[in-house]
Amino acid sequence: MKSAKSRTRLNDMRTPSRSKQNLYQGDRDPVHVYCRLRPMQNDNDNSCINILSPTTVLMVPPPTALAYRNENSKTMKYTFKEVFPPNSNQQEIFDKVAYPLVDGLIKGKNGLLFTYGVTGSGKTFTMTGDTQNCGILPRCLNVIFKTINDLQAHKYIFKPDRMNMFDVQTEAEAMLERQKELHKFRSGRKNNSNPDLVMSNTDISKVDGVIEDNQYAVFVTYIEIYNNSVFDLLEEGPPSKSLSTKMIREDASHKMYVHNVTEVEIKSAEEAFETFYLGLKRKRMAHTNLNAESSRSHSVFTIRLVQAPVDEVGEAVIQKKEFITISQLSLVDLAGSERTNRTQNTGDRLREASNINKSLMTLRTCLEMLRENQLNSAKNKVPYRESRITHLFKNFFEGEGQVRMIVCANPRAEDYDETLQVMRFAEMAAEVEVAKPQITDIAASIGLMSGRRKANRLFNMARDKLEKAEAKDLELDLGLVYSLGPDFPSLELNSSQAAHITKELMAHLEMRINRRETLRRTLALKDEKFRSALLELQKEVLELRSENASLNAQLSTEKRRNHAFEERLTRSENEVINYQKKLTEMTEYSSSLKREMQEKDLLLNQNKLDKAKQKKLLERKYQHKMAAEHEKAKEIISEKERLENANEEKENRLRIIENALKGEKHLDTGAQTSVRDFTPGSTPRALPAHLLSPFIAQSKDSQTSRSRRGVAIANPRHRRSLSADGKGWVEHAPNKLVPMGTVMKPSIGNSKLVNKLTNVKDIANTKTSKYCLISQEQDTDGELETKLYKGDIVPTCGGGAQVIFNDVEMLKQFSPTNEREPSSNRTSGCARHSGKRRDTGCSPPPTPSTVKKQRVDDD
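Given the structure is predicted, the values throughout are model-derived calculations rather than measurements.

Draft legend 1. Spotlight on the overall build of the protein chain. If you tally the helices and strands in the protein chain, you get 17 helices and 28 strands. Sequence-distant contacts, at least 24 apart, represent 70% of the contacts inside the protein chain between residues at least 6 apart.

Draft legend 2. Examining the nonpolar core more closely. Core analysis: the largest hydrophobic core is formed by 55 residues, its most contacted members being Phe80, Leu367, Phe393 and Phe397. With eight residues, the single largest contributor to this core is helix H11 (residues 416–429). In terms of nonpolar packing, the next biggest core, distinct from the first, is built from 44 residues, Ile93, Val102, Ile106 and Met127 among them.

Draft legend 3. Quick peek at unusual backbone geometry. Positioned with a positive phi, Asn164 is a non-glycine residue whose angle comes to about 70°. On the secondary structure map, Asn164 appears in the loop between strand S8 (158–160) and strand S9 (166–168). Non-glycine residue His254 carries a positive phi angle of around 65°. Topologically, His254 is positioned in the loop between strand S13 (248–250) and strand S14 (256–258).

Draft legend 4. Up close: the UniProt feature "binding site: ATP" (unreviewed entry) in the protein chain. Per the UniProt record, "binding site: ATP" (unreviewed entry) is annotated on Gly117, Val118, Thr119, Gly120, Ser121, Gly122, Lys123 and Thr124. Mapped onto the elements, Gly117 comes out in strand S7 (residues 111–117). Among the structural elements, Lys123 can be located in helix H3 (residues 123–128). Residue classification places Lys123 among the buried residues on the basis of a relative accessible area of 7%.

Draft legend 5. A look at the packing of helix H4 (residues 136–147) against helix H6 (residues 269–280). At their nearest, the axes of H4 and H6 sit 9 Å apart, and the two run at 150° to each other. Overall, the two elements H4 and H6 adopt an arrangement that is roughly antiparallel. You can see that H4 and H6 cross each other, and the crossing is right-handed. From H4, Leu137, Pro138, Leu141, Asn142 and Phe145 reach across to H6, where they touch Ala269, Ala272, Phe273 and Phe276. Looking at the contact of H4 with H6, its residues break down into eight nonpolar, one polar and no charged.

Draft legend 6. The arrangement of the packing of aromatic side chains in detail. Tallying each qualifying case throughout the model produces eleven aromatic pairs. Seen from their ring centres, Tyr771 and Phe805 are 6.0 Å apart, and the 75° between their planes marks the pair as edge-to-face. Separated by 34 residues along the polypeptide, Tyr771 in strand S24 (residues 770–778) and Phe805 in strand S26 (residues 801–814) bring together distant segments of the chain. Exposure remark for Tyr771: the relative accessible area of 6% places this residue in the buried category. Aromatic ring contacts, followed pair by pair, group Tyr222, Phe273, Phe276 and Phe301 into a single cluster.

Draft legend 7. Spotlight on the pairing of strand S25 (residues 784–795). Relative to S25, S24 runs antiparallel, the two being bridged by nine bridges. Within S25, the position partnered with Lys770 by the bridge is Asp792. Hairpin connection of S24 to S25: five residues between the antiparallel strands, including Gly782 at a positive phi of 85°. In the sheet, S25 pairs with S26 via twelve bridges, with the strands oriented antiparallel. The residue of S26 that forms the bridge with Tyr789 is Val808.

Draft legend 8. Structural context of the pairing of S24. As judged from the four bridges shared by strand S22 (residues 729–732) and S24, these two strands associate in the parallel manner. By the bridge assignment, Val730 is partnered in S24 with Tyr771.

Draft legend 9. Region of the structure containing the sheet that holds strand S4 (residues 56–59). As summarised here, the arrangement of the three strands in space is S3-S4-S5, forming an open sheet in which the pairing is antiparallel. Only two strands of the sheet have a single neighbouring strand rather than two, namely strand S3 (49–53) and strand S5 (76–79). Within this sheet the neighbouring strands show an average axis-to-axis angle of 30°, counted without direction. Where S3 and S4 come together, four bridges link them in antiparallel fashion. What sits directly across from Ile51, in S4, is Val57.

Draft legend 10. Spotlight on a negative patch on the surface. Together, Glu536, Glu540, Glu543 and Glu547 make up a region of like negative charge exposed at the surface. With respect to the helices and strands, the residue Glu536 is situated in helix H14 (residues 498–663).

Draft legend 11. Local environment of the side chain of Asp311. Mapping Asp311 onto the fold places it in the loop between strand S18 (298–309) and strand S19 (325–333). In this structure, Asp311 is in contact with Ala316, Ile318 and Arg452, ignoring residues within four places of it in sequence.

Draft legend 12. The arrangement of the packing of helix H2 (residues 90–106) against H4 in detail. Two elements in contact, H2 and H4, have axes separated by 10 Å at closest approach and are oriented at 45°. Here H2 is positioned oblique relative to H4, judged by the angle of their axes. Like other packed secondary-structure pairs, H2 and H4 cross with a definite hand, here right-handed. The segment H2 lies against H4, with Gln90, Gln91, Ile93, Phe94, Ala98, Tyr99, Val102, Leu105 and Ile106 engaging Ile136, Arg139, Cys140, Val143, Ile144 and Thr147. Class assignment of the residues belonging to the contact of H2 with H4 gives a composition of eleven nonpolar, three polar and one charged.

Draft legend 13. A look at the confidence of the model for the protein chain. The predicted model of the protein chain has a mean per-residue pLDDT of 75, with 72% of residues at 70 or higher. Across residues 185–191 the pLDDT falls below 50, and counting only partners more than four positions away or on other chains, this stretch makes three contacts in the model.

Draft legend 14. The arrangement of the pattern of salt bridges in detail. This structure, assessed with the given rule, holds 22 salt bridges. A salt bridge links Lys321 to Asp167; its shortest N-O distance comes to 3.1 Å. With Lys321 in the loop between S18 and S19 and Asp167 in strand S9, this pair connects stretches of sequence that are 154 residues apart. The partner of Lys267 in a salt bridge is Glu265, and the shortest N-O contact between them spans 3.3 Å. Overall, the relative accessible area of 24% leaves Lys267 in the partly exposed class. What you see here is one network of salt bridges that share partners, running through Glu82, Glu92 and Lys96.

The rules behind each value
Throughout, residues of each chain are indexed from 1 in the direction in which the sequence is written. For this predicted model, a pLDDT threshold of at least 70 governs which residues receive local features, and a threshold of 80 or more governs which side-chain atom pairs are given and counted, while totals over whole chains, interfaces and linings are taken from all residues. Only hydrogens and water are set aside; all other atoms, that is, all heavy atoms of the structure, feed into the side-chain values. Only DSSP runs of H or I reaching four residues or more are called helices, and only runs of E reaching two or more are called strands; each is numbered from the N terminus. By definition in these notes, contact holds between two residues if any of their heavy atoms fall within 4.5 Å. Here, the term nonpolar core denotes a set of buried Ala, Val, Leu, Ile, Met, Phe, Trp, Tyr and Cys residues that are joined through side-chain atoms within 4.5 Å. Under the scheme applied here, a residue whose accessible area is under 20% of the maximum for its type counts as buried, over 50% as exposed, and between as partly exposed, the area being computed with a 1.4 Å probe on protein chains only. UniProt positions are given in the numbering used here, feature names are shortened, and annotations may be inferred rather than shown by experiment. Every axis corresponds to a line fitted to the C-alpha atoms, with the helix fit spanning only the stretch in contact, and the corresponding angles, defined between N-to-C directions, vary from 0 to 180 degrees. Throughout this description, any angle smaller than 35 degrees is read as roughly parallel, any larger than 145 degrees as roughly antiparallel, any in the 65 to 115 degree range as roughly perpendicular, and the remainder as oblique. Note: crossing handedness is left-handed where the near helix turns anticlockwise from the far helix by less than a right angle, and right-handed where it turns clockwise. Under the scheme applied here, ten amino acids are nonpolar (Ala, Val, Leu, Ile, Met, Phe, Trp, Tyr, Cys and Pro), four are charged (Asp, Glu, Lys and Arg), and all others, including Gly, are polar. The rule is short: rings of Phe, Tyr and Trp, with Trp giving its six-membered ring, pair when the centres are within 6.5 Å, and they are stacked under 30 degrees, edge-to-face over 60, tilted in between. Here a strand pair is declared whenever DSSP counts at least two bridges between the two strands. Put simply, a patch holds well-exposed residues, over 30% relative accessible area, that have no salt bridge, with like charges counted together within 9 Å and Val, Leu, Ile, Met, Phe, Trp or Tyr side chains within 5 Å. The Shrake-Rupley method, run with a 1.4 Å probe sphere, supplies the accessible areas, and residue values consider only the shown protein chains as cover. By convention in these notes, a salt bridge is any Lys or Arg side-chain nitrogen within 4 Å of a carboxyl oxygen on Asp or Glu. For the purpose of counting charges, residues Lys and Arg are taken to be positive, whereas Asp and Glu are taken to be negative. His and the chain ends are not included. For this purpose, a charge sits on NZ of Lys, CZ of Arg, CG of Asp or CD of Glu. Scored from 0 to 100, pLDDT reflects the predictor's confidence in each residue.

Here it is, written out as structure tokens:
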């Protein structure tokens, strides 16, 4: 097949073509490729294939196709052996494609017929047909049995030997086999007929040139190749039984076959089609987006015709295995190629589609390699073993028979991309050549004349007629069998010539006596020769008997050895299959472990990164803490110095007061009481003015030198809490919160107060970014303690929000009547530990109560 487009316009998948003078050589034939177009399902569908001639089609890419963009919307021409339009009938396709293969099968040639195409293009319909139009397979069976109907051997004359060959049995052995079959228990046998598939009895032609001196037998096998494994569809058992995997082997004549496959001997076309339907019920079918009943496997229906010449008498088959001629016709219904983005397959369907596309790609690779070897006279190894379908039909591509292919195409515009790949594959397959098979006449090679069977039939008919009562009065000429000479002369002696007649009679009698003696001597010589030949034959018989006995003993030994080897081979194959399954499982397990290891490595790396980040964060926090501790120590030292200066100042005051009291005795009792009741921490404004003048003057100088901090001034308009930072806050507080009314009371501005979180929108909105949870409780000393838990509101991927706490602020309020602690300890202090360190000046408030405020970080 040659394309009308130039090579430069084709895709990279286009394979090089061959010149026409190399297509047809004397001893080679090309692979004949035919194209059949399916009718359009809907009238509104657009067609992308046009028929230009009986052998050429034109493909026009639609705008929706990938090739429309890749190849600039260029049309493509493809030439086939013949193109069948959508209105072609099944009989026409059979006559032009399959009938030559059936003719070659009868004459001892092998044949292979493929149906190839996209899912839903009509491959199964072409092969099997429907109720109205039967397909290629039933028509082949009808022609075969109509041709050899009167020439079939009795059942079990030919028996498969499980090694792709056949043994010849005698009539007695075959009769025993038939009796065993009749005695089998067949109760409950179901009818395997299919009302949707029928046999056609009309327009059945007969193959001419059949050899009438041979006896024939037909055997069929039916297998499927599913997920690159071979299964026997005719295996004994119910249809629901799980089938065992079969192996592909090579026989003694280097031909590929399926080992231990079930071969059924067929005596009629109806029986053959019933067997076909029995296997069809086990074939794997599934529903896809492109086809309601899509084949998920390649099916191979093989018809094997066994023929052997009859003996010189024309009755029985010659009992020699080497005189058998075996020819086969394989009808292959390939599973349709499909694209996952169109079928949307998942799970088992996806794995089946992957194996189907892989096997079809291997078929393409093998054909392309064969063509390259033929073009360049190369010896590249063809990868037959990469797929079961190519491994099984290896012999056909190497010259063991005729190869035909029917490319089924759906002209819909939606299938253009897949159909384009099918056309390119068909174009490449048509350029492969296979050697013509050679046929030898076995009967002529062993010296047998033609017409033996017909002569034997005529002789039997004549013998049957002679045995009838009407044939007893027939006159037979025995002279044709035995004679001593002519008839006796006339014996009338009443004439004058009596003496002469007597002399003639005497001479005639002497002649008869001499002839009798000659015949007697010849008979004696023949008897002697026959006796000697008989003795020689008897000696040869004895020698042959002894030799036969030894050979039988050797044969039995070899059979036992072969049986043992077969058992070992079967066990080895089962072990190989088990090991392959284990290897597959271990490979999958290893890949899963690798994936888990990679995931764990990713998690481990992520954990390491998180730990490194956390370590850095802790180091920063630790540094902040250490800095806060240093600042706190500095504050404590400064506070200690201040207290020491204060004590020294108070002692100076007391000495001044004591000196003043000693110097002036006229002070009233109230002043003495005031001096006596003066304690550290009380205000000096309780003393008289004349006693405060030196104190005040001295205190001003001492205060300036002691500390930069002044006396705390209460201003209710300002708050010293750092709770509010100007951002949007969600203040989560209980209903009954005890008011404190101090300068240290927390004040959060621009906040939203909630008592109970009932909706995610209370937190997850654009106006709030901070969260504060307020709780009040009583500590162990009975004092009021208020805690503020603060955090950031972070939105989540699902539309919610999460709170990350990063600060805790604690406030304590002491009762003014509680004198358990020294006044110096009740002096309000403030410490803050979060992010940055900030010093806040604290001094005793003028209110009766004293508040202590403390901030701690989240860790």
